[in-house]
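# Summary of the model geometry
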Amino acid sequence: MKLFPIRGGIHPDYRKELSSEKAIVALPLPELLYIPLQQHIGAPAEALVQAGELVKKGQLIARSQGGISAPQHAPTSGRIKAVTDIPAPHPSGLPQPTIILEPDGKDEWTDLPEPIADPLNADPQMIRERVAQAGIVGMGGAAFPSAVKLDLGTRYKLEFLLLNGAECEPYLTCDDRVMREHADEVIDGARIMAHTLGVKKIVIAIEQNKPQALAAMTGAAFTFSEVDVVGVPVQYPMGSERHLVQAITGRETPAKKLTADIGVVVHNVATARAVHQAVRFGRPLLSRVVTVSGGAVREPNNIEAPIGARVADLVALCGGFSGEPASLVNGGPMMGQPLPGLEAPVVKGMSGVLALTAGEVNEQPAGPCIRCGACVAICPCGLVPVEMAAFIRKDNFDVAAQLGVMDCVSCGSCSWACPSHIPLVHYFNYAKGMINAQERERRKNERIKLLAEAHNARMEKLAVAAEAKRAAVAARKANLAAATGEEKVEA
Amino acid sequence: MLIAVGSLTVMGIALGGILGAASRFLAVEENPLEEELKAMLPGSQCGQCGYVGCAQAAAALARGEAPVTLCPPGGRAVAEALARKLGVTADLSEHEEKVPQYAVVREEFCVGCTLCSKECSVDAIVGANKLMHSVIAEACHGCGKCVKVCPTEAIEMRPVPETLSTWHWAKPQAEHVLH
Amino acid sequence: MTTQYRTIIRDGLWDNNGVLSMLLGMCPTMAMTTSATNGLGMGVATAVVMAASSLLVATFRNRITQEVRIPVYILIVAAMVTLVDLCMNAWMHELYKVLGLFIPLIVSNCLPLARLEAFAAKEPVLPSFLDGLFMGIGFTFALTAIGAVREIFGSGTLFADASLLLGPAFRFMEMHLMSSNMGVLMMILPPGGFLVTGLLVVAKRMLDVRAGKAIQMGGAHSAA
Amino acid sequence: MSIAPISKSGPFTHTTSSVPKTMLTVLLALVPATAFDAYLFGWPGILLFAVTVGACVAVEAGCLALAGLPMKAALGDYSAVLTGWLLAMSLPPWAPWWTGVLGAVFAIALAKHTFGGLGQNLFNPAMVARVALLVSFPVVMTAWVMPHPLFSAGAPGFSDAVAITFGGNLPDSVSAASALGYVKTELSRGIPVTQSMAHVPDLMDMALGLRAGSMGETSAILILAGGLFLMARRIISWHIPLGMMGALFLMGTLFHMLDPARYTDGMFHLMSGATFLGAFFIATDYVTSPVSKPGQLVFGIGCGVLTWVIRTYAGYPEGMAFAVLLMNSLTPIIDQYTRPRAFGRSRKGEPLPLEGK
Amino acid sequence: MKEYVLLIVGAALVNNVILARFLGLCSFMGVTTRIDTAIGMGMATTFVITVSSMADWAVEAYLLEPFGLGYLRTVTFILVIAAAVQFTEMTVKKVSPALFQMLGIYLPLITTNCAVLGVALLLVAGRMSFIASTLFAFASSIGYTLVMVIFAGLRERLALANVPRLFAGPPIGFIVASLLALAFMGFSGMSTN
Amino acid sequence: MKPGTLKHAVILGSFCLGFGLLLAVTNRLTAADIAARALEDKQNSLSQVIPDSIHDNNLVTDSIAMKDARGKDITVYRARKNGKVSGVAYEIYGTGYGGEIKLMLGVDVAGKVLGVRVLAHHETPGLGDKIEEKKGDWILRFTGLSLLKPAIEKWKVKKDGGEFDQFAGATITPRGVVLAIRNGLEFFAAHQAQMTEGN
Ligand SMILES: Cc1cc2nc3c(=O)[nH]c(=O)nc-3n(C[C@H](O)[C@H](O)[C@H](O)COP(=O)(O)O)c2cc1C
Ligand SMILES: Cc1cc2nc3c(=O)[nH]c(=O)nc-3n(C[C@H](O)[C@H](O)[C@H](O)COP(=O)(O)O)c2cc1C
Ligand SMILES: Cc1cc2nc3c(=O)[nH]c(=O)nc-3n(C[C@H](O)[C@H](O)[C@H](O)COP(=O)(O)O)c2cc1C
Ligand SMILES: Cc1cc2nc3c(=O)[nH]c(=O)nc-3n(C[C@H](O)[C@H](O)[C@H](O)CO)c2cc1C
Ligand code: SF4
Ligand code: SF4
Ligand code: SF4
Ligand code: SF4
Ligand code: FES
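Residues numbered from 1 in each chain as written. Chains lettered and ligands numbered in written order. Predicted model: local features only at pLDDT ≥ 70, side-chain atom pairs only at ≥ 80, totals over all residues. Heavy atoms only, no water.

## With respect to the site of ligand 3
What surrounds ligand 3 is a group of 14 residues, the closest being Tyr316 of chain D together with Thr124, Lys159, Thr171 and Thr173 of chain F. The contact in question runs from an oxygen atom of ligand 3 to an N or O atom on the backbone of Gly128 of chain F, over 3.4 Å. Note that an oxygen atom of ligand 3 is positioned 2.5 Å from one of the side-chain N or O atoms of Thr171 of chain F. Its residues placed into classes, the shell around ligand 3 shows six nonpolar, six polar and two charged. (Near = heavy atom within 4 Å. Polar contact = N/O pair within 3.5 Å; in protein donor to acceptor, adjacent residues only side chain to side chain. Nonpolar A, V, L, I, M, F, W, Y, C, P; charged D, E, K, R; others polar.)

Laid out in structure tokens, this is it:
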């Protein structure tokens, strides 16, 4: 297949060998599971259980609210210990409603919905509902509810489904292992998704630094003529969906549009596997494969962990720390978020837990920008990080927005490449937050203006009504007086 | 000498005439700045700015008598928009420190007098006579007028809590800003 | 002296100095300061014109309509300049030979006009006159200082040819500090003019800071 | 667990390159040419070089102290050493000591620290110093000498060198015009280029460095080697050097073809003056050149064209330094007009249209 | 032809109105905080210089010269300029309020922009023909605009730099202007060779 | 015309009238003095190249117009003693580093230089400006020389194998001045008859 070049990008030290040869192991059931109600983009789920309740494995414990949301299920059987606020696995560490489940060790399944017979000929709507019920969200990191994406076929003219097996982040090997060990499940899930989307073709893109995964997937796809497995160049951030689509099709997704606008829907390989399980076996999303790696981890590994297990449990399975970690990261080193602590739970979008040594992070005090242009050359989005950061430093968000800070995908390439070690991405995160906050405030002001106008209108109406009433009363009084007068006269 | 004085005078008269005429033909109506400014203010007529309402505030702004930071409910966003419109650089540091607030009615003290709901210019307070009132947090813009009228001091202003969806990264510690 | 006059004087001489604070009248400041003597001459001529035109504008200010005000102000300045030019040429010829070159340029110096607009058009006669005069003196001071620095570093002299301007009695002022071929030529060329002016503004700021005053960050444009 | 409080967002891995490493690599690339020039111009050249670099570092330290900035980090980035080094390489090798010292003040204090130090300056510090010195002391700054290789007959010994550099005792007899200066003076007397070219060293000698000129001019081949080394190490890209040399060569060749008596040829332009040093080491200064590759190409071409124009028409024989400063002044504007096209957007910043819709 | 090229290059670059002749410096320091404002001011000034130079040429040729009124030159020229400026001001106000808001107080100050009077006086001193003088005026103002825009670009970057407090604002502006003038010295001697 | 327009016209017109009057009167008062001063200036500058001792006439008024070798209009001022022309002074032009150098050359009837002065130049300050009398006495050494002294082929700067010193680092300016003077003397030699007519 002919591939197309993408702009910029970097070649960081991948270090995938730390965990790429470790087969996926299941995490023994931990003592407690912490299931946050918000593990996805959209509205948080609403808890359906209360402290003390007994639940079975796979039982719905929080239902989705609104169009873009996802439900949560009990990863194992046990007793609800509490529904309370604990710090989220998020850099803010803000408390967040979480269901705490105490496993009873029996791992007893609830009654699962019936598998969908012959899903490749089933009604797409049925599959979408099943995916929604199963609480599947994108496992590539963004955790967007997958059922919503599977609906795109009804609104867009789609050409093919692109399965994202690029896994361009350093260290991470979870997708690699899933593809190697469960190639058939992934392919089956992809075919179901393609059918749901109403597309005929499936392209599976895998970076060329994963030859075994490529081989396994090619083998598994051999019998399906509609599936193409493609090796793409090793170039961070090849896994970004817009760039991957560009590499495969040469088409550039316009700003503020979706890849679906140019005919492609992108899903992660692990998402495909989850769909396979939900459709073929009725199983909701209860666990995911997490790569635990980094120089500070004694034995890096790929762990299939139940949602809600604490990071500490995963690290313990890897033999603990071999040294003092300088950073604890949720996800890959480029786009991952710092973890507030080892108590944070595994969530659906968590692809990796990295404990990195100071040497690996190579964090140095920021120096002045020497305008070397490295950040400009490598930005895959064609932005000018050096200028944006300069304006953001002066809190000039307008110009930063004009320069495209909102188009930045936070891939981290610029921060990685900066010889002065300027925290460029941090500046952009700050600016995006400020711009969003301003936008929220602007919307709020607008709403308040409407409310105030409504209030004024109401007050006016009331005043008019009061006036009318008074006039009416006065008139009646006058009438009355006149009438009595007349009566008097008559009398 | 006559030529000198004459030519200069003729020139003066001519130019004066042209300019006078030009000022007439090319005159522009007073700029609609005031209207634009009014449109940018929240319009809640809360009076926190010290003017009777947003219209007067806008007029003062247009005359250059009021600072762009005059409107507390408008917050930083409005101040910045005003500064941009008026082409001035505003010191917004004061605005940054002010945390947005909203009103909360403490049940135990509310006697249901309805004074507050009458005061609120955005109808953010609901409740019937003699019954507990409460504030719709999303509608309240934190003007604090209700606090002042409440006879039992049942209303207090609280900072709007930060949530996962409103949290964002703070400005990086600019170690490389050497000054 | 009332505080108003004191303020006018202090503003003109230092606080709101036309060159060092308001950044007006930059052209003669650069062009006429290759030596201290030139700076002094230009400054004095400007001060005379400024005082006279402020006086006139303040006198007529109520008769001038908005539309023709700029032409009238400028006409007044131009007429004053021409008057000075003619009289000096006829009756103070030696002085004219040194200053003559600079005089027509005063017309287009924007400092006088700026003061007419900002001050004389609104204030009574006496304060206006004082404002014009002291702004002019402050201007002279700044120009002489810039000229002195440029001359010392550029030519190695100070107040060279002062006797031509001020008369033979002032020959004592003419100093030769080093051999002329050691001068840093750049100083008397255009780059030196900008450089020295910039550094003098910094020097003024340093003095202001030491005196506990706030640094004025902008020029006339931010004051307006 | 002692994980540092979260104060910084990702990424959590960084390149190993750094500012000091970059500067050191550039210095390394300059070493061969500098060593050869030290040999060519002997002790006076070495003394001036030492004085200039030392003065730059001292002035940098002084400015940092005045501004109350941390000394160690800033001195440790080697940018002042590099500035001093490049300045020294652009001075007449036997110039007196005070040119180096005054140059250091112009370069570091005036052109760098009034702007706020490394990365903030708008003009190339070394070139500001060179031009300020040239404008201020045209005689001293155009007093070139022919190479007097160390230990060769007629080369000044160490004590002679001290007299030359610190005593200002430049022997009259040794001064020689640079090739560009010679051709220009001759042209002003009405002697056509075709005739005066017979008296300048041939291209091979010029490339090897057997000619009068500054340290950075005389070893074109070693400078070229250093430049290629920088390219291989990805410190600089081809855009500025190629743009500059290409434009200079094309302008030279074109006009030479039109009127050989008036215009020198393209090859001569490449080999003479500080073309190579300028193209590889000076115009490429990150701080004062555009950040995007297309911008750098425009910048390079501009430098080349302006160098040719100044060499050919203006008063000064060598235009490289002026051209670099002039293009420095255009850098912000070039930067604005050569921003890359953002992904999914047109050049104007509008979202791309959807194909077929 | 060659004279005209030399005239243009000389007026625009070598003897640049701002950097070599020191004319129009107040606007140079004042209206150059942003590139688009500088372009606006440059265009307004170009227009005024070109138009008023043509008018001044006529006044000189048909009034001052024949009647020996040389002593009225400054007065009449400045009157013509003042009128041209005020006319431009009113036109801009009508046609483009945005531009008017940007140029603010500087439009009336074009009158005292010495560049305008300076160029007119230079024309008279140079005794140029009508075509040459118009070209000269136009080229001079193009040089003015060029330097204004370059300087505005530099200042936009300066606004983002860590300039020490004592130097921030006008002083660093002067230093940049100084270095720019230094760079423009490279053109010196160009119109003669 | 609208009344407002008229008002502006009247205001500006009356100011013009007033100041025009003022200036015209001043001009009338000063005109004579100014003319006299201008004459004195011219005489003073001529007296630098023509010693007072060799003439008794008014140099400024005794002038003729000519075209020089390049076809440029020049004025030739003549010094007379007892009615006979004893010397002439006229402008000559050379090309220096920064363009044209304008000089005034005084020659006696024998073709000997009475004096040379620079009237205007654009040479580099500190380098080429040493030709000014104020900056050095270089220009004074031409007094008394002629086309024969030194010999015509020696009318060059030393660098070009001639008689005359150049300044350190600046050869072009002296070269231009020497050439200008030589050409000026040759011009005198060629047009002596016309320039001293009446003798
Ligand atoms: C810079 C960048 C890199 C990414 N890298 C990957 C990747 O390596 N693998 C992946 O599956 N998704 C990656 N993503 C996320 C994809 O863009 C996309 O959201 C995802 O593949 C969609 O699949 P999902 O909804 O099934 O998660 C990346 C996103 C960005 C912005
Ligand atoms: C800043 C500075 C500038 C100088 N400029 C010159 C100069 O332009 N020409 C010169 O001959 N000496 C100059 N010197 C002079 C030296 O200080 C030194 O005294 C002089 O070269 C000794 O020289 P002599 O032996 O030639 O007399 C300068 C010195 C300094 C510190
Ligand atoms: C900035 C600068 C200005 C110069 N000005 C003059 C000058 O005014 N007069 C002059 O003769 N040479 C001047 N020169 C020198 C000439 O370029 C040329 O080098 C010199 O005249 C050749 O003389 P030489 O043979 O003595 O070296 C100047 C040089 C430079 C770099
Ligand atoms: C490739 C490269 C070229 C450089 N060239 C120069 C130069 O020409 N002049 C200079 O002063 N500094 C140069 N520097 C050093 C540094 O960028 C310079 O000191 C900054 O301009 C000071 O802010 C260079 C650095 C690099 C990496
Ligand atoms: S983080 Fe943003 S600005 Fe930086 S390289 Fe990635 S997309 Fe570009
Ligand atoms: S990579 Fe860093 S130093 Fe280089 S231009 Fe970008 S921000 Fe500046
Ligand atoms: S403070 Fe703001 S919202 Fe309240 S009246 Fe004033 S302008 Fe309107
Ligand atoms: S603070 Fe009180 S009065 Fe103001 S908006 Fe909120 S509820 Fe209404
Ligand atoms: S003095 Fe020239 S523009 Fe102000």
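Next, the rest of the story.
## A closer look at the domain arrangement of chain D
Residue and element names in this part refer to chain D. As far as domains go, chain D holds domain 1 (18–176) and domain 2 (178–211 + 236–336). Between domain 1 and domain 2, the C-alpha centre-to-centre distance is 22 Å. On the side of domain 2, 20 residues touch domain 1, which itself brings 26 residues to the contact. Note on domain 1 versus domain 2: buried area summed over both sides is about 1,900 Å², and carbon and sulfur give 77% of it. Only helix 1 (19–67), helix 3 (79–90) and helix 5 (125–136) provide two or more residues apiece to the side of domain 1 that touches domain 2. (Domains from an automatic or database assignment. Contact = heavy atoms within 4.5 Å. Buried area = accessible area lost by both parts, 1.4 Å probe. Helix = DSSP H or I, 4+ residues; strand = E, 2+ residues; numbered from the N terminus.)

## Some points on the interface of chain D and chain A
Taken together, the 42 residues of chain D in the interface contact 63 residues of chain A. Buried surface at the junction of chain D and chain A, summed over both partners, amounts to about 4,500 Å²; 59% is from carbon and sulfur atoms. On inspection of chain D and its partner chain A, the count reaches five salt bridges. Linking Glu387 of chain A and Arg339 of chain D is a salt bridge whose minimum nitrogen-to-oxygen distance equals 2.9 Å. The interface formed by chain D and chain A includes 19 residue pairs in polar contact (both at pLDDT 80 or more). Within the side of chain D that touches chain A, the residues separate by chemical class into 18 nonpolar, 16 polar and eight charged. (Salt bridge = Lys/Arg side-chain N within 4 Å of Asp/Glu carboxyl O.)

## Quick notes on empty space enclosed by the protein
Any space left empty among the atoms is revealed by the rolling of a water-sized probe across them. Residue and element names in this part refer to chain D. Overall, the coordinates contain twelve cavities of 30 Å³ or more when judged by the stated rule. When its volume is computed, the largest cavity comes out at roughly 330 Å³. In terms of lining, the largest cavity is formed by 22 residues, of which the most central are Met23, Leu82, Leu86, Asp285 and Tyr286. Those elements giving two or more residues to the lining of the largest cavity turn out to be helix 1, helix 3, helix 5 and helix 14 (275–282). By residue number, the principal contributor to the lining of the largest cavity is helix 3, which donates four residues. (1 Å grid on protein atoms, 1.4 Å probe; cavity = no way out; pocket = protein on both sides within 12 Å on 5 of 7 lines; lining within 4 Å. Points joined across faces, edges and corners; volume = space filled by probe spheres on them.)

## Details of the interface of chain E and chain C
Interfaces are often sized by the amount of accessible area the parts lose when they come together. Contacts between chain E and chain C engage 40 residues on the former and 43 residues on the latter. At the boundary of chain E with chain C, the tally comes to zero salt bridges. Where chain E touches chain C, the interface holds four residue pairs in polar contact (both at pLDDT 80 or more). When residues of the side of chain E that touches chain C are traced back to their parent elements, those giving at least two are helix 2 (25–30), helix 4 (73–95), helix 6 (106–109), helix 7 (114–126) and helix 9 (170–184) of chain E. Sorting elements by how many residues they give to the side of chain E that touches chain C places helix 9 of chain E first, with eight residues.

## Regarding the pattern of salt bridges
Pairing between side chains of opposite charge can happen when their charged atoms approach one another. Summed over all chains, the structure comprises 43 salt bridges over all chains. For Glu185 of chain A, the salt bridge goes to Arg273 of chain A, with nearest N and O atoms at 2.9 Å. Residue Glu185 of chain A is found in helix 5 (residues 183–197), and its partner Arg273 of chain A is found in helix 8 (residues 269–281); the two are separated by 88 residues along the sequence. With its nearest N and O atoms 2.8 Å apart, the salt bridge here joins Arg175 of chain F to Asp160 of chain F. Placement of the pair is Arg175 of chain F in helix 2 (residues 172–195) and Asp160 of chain F in the loop between strand 5 (113–120) and helix 2, with a sequence separation of 15 residues. Take Asp160 of chain F: its relative accessible area is 22%, and that puts it in the partly exposed class. Three or more residues joined by partner-sharing salt bridges are found here, namely Glu439, Arg442, Arg443 and Glu446 of chain A. (Buried < 20%, exposed > 50% of the residue type's maximum accessible area, 1.4 Å probe, protein only.)

## Some details on the packing of aromatic side chains
Tallied over the full model, the rule gives 26 aromatic pairs over all chains. Relative to Phe19 of chain F, the ring of Phe15 of chain F lies with its centre 6.3 Å away and its plane at 10 degrees, an arrangement referred to as stacked. Of this pair, Phe15 of chain F and Phe19 of chain F both sit in helix 1 (residues 3–49), four residues apart, which is roughly one turn of that helix. The class for Phe19 of chain F is buried, based on a relative accessible area of 8%. When the ring of Trp155 of chain F is compared with that of Phe164 of chain F, the centres are 5.0 Å apart and the planes differ by 40 degrees; the resulting orientation is tilted. Phe164 of chain F sits in the buried class, given a relative accessible area of 1%. The rings of Phe194 of chain C together with Phe22, Phe28 and Phe151 of chain E are connected pair by pair, giving a single aromatic cluster. (Phe/Tyr/Trp six-rings, centres within 6.5 Å; stacked < 30°, edge-to-face > 60°.)

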